[in-house]
Amino acid sequence: MTSKPKALVACEYSGRVRDALILNGFDAMSCDLLPTDVPGPHYRGDVFDIIDDGWDLMVAHPPCTHLAVSGARWFHKKQKEQAEALDFVQRLLDAPIPHIALENPVSIIASRIRKPDQIVQPWQFGDCLSKKTCFWLKNLPLLAPTNIVDPGEFHITASGKKLPLWYHKASGKNRWKIRSTTHQGIADAIGKQWGSFVRNQFYSAK
């Protein structure tokens, strides 16, 4: 009996991409230092503990705290943290996995490692929200928009900065989780489109 292709979703606690891949025929596991928000296959620990376990696909969401250009005014205070974060990203990109997608917001990865292969928005995938999402890809096609909708409302801060209204309203102790979680439409597209691409490669090689 032919086994399923294996997918690792690195730095994910929400389970959204993991579960989208499971729905699309994968033996998928999420991995994070935090526990998973919803029940499902999850490794709580360092992703590099399991990086060599024969994965066919990895979708990685490395923390953007020290990388996102939205925090540029603090960059001069955290050069060591940035160097460590960039090294973490490079190690993920260099992992011995045939198909890799690495996700981050607009960040210094573009200038310090390489430019992203694609930038998408949730409103291209059925969610009325704006949040630039960059992907660095290895042996994967670009995601195709699935359902283009209204990009949602914006809020202008006192300093004149334009923020998506949902992002501005995110508050409380889970604010960082709300802002960093992959939106469902993009997760579904990853499961269906990249899932189909990798599955075809996997089974054709059998």
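Scroll up for the structure.
What counts and how
Residues numbered from 1 in each chain as written. Predicted model: local features only at pLDDT ≥ 70, side-chain atom pairs only at ≥ 80, totals over all residues. Heavy atoms only, no water. Buried < 20%, exposed > 50% of the residue type's maximum accessible area, 1.4 Å probe, protein only. Helix = DSSP H or I, 4+ residues; strand = E, 2+ residues; numbered from the N terminus. Pairing = 2+ DSSP bridges.

Peer 1: Please explain the pairing of strand β4 (residues 57-60) as it appears in this structure.
Peer 2: Looking down a regular strand, the side chains alternate between one sheet face and the other. Burial along β4 is two-sided: L57 and V59 facing one way and M58 and A60 facing the other are all buried. Sheet topology places strand β1 (residues 6-10) next to β4; 4 bridges connect them, and they run parallel. Along β4, the bridge assignment pairs V9 with V59. Bridge count between β4 and strand β5 (residues 99-104): 4 bridges; the pairing is parallel. In the strand pairing of β5, A60 is matched with L102.

Peer 1: I keep staring at unusual backbone geometry and nothing clicks. Help me out?
Peer 2: Negative phi characterises most residues that are not glycine, and trans characterises most peptide bonds. Unlike most non-glycine residues, C11 shows phi in positive territory, near 60 degrees. On the secondary structure map, C11 appears in the loop between β1 and α1 (16-23). One non-glycine residue with positive phi stands out, namely N139, at about 55 degrees. In this fold, N139 is placed in the loop between β7 (133-138) and β8 (154-156). Under the relative-accessibility criterion, N139 is labelled exposed at 51%.

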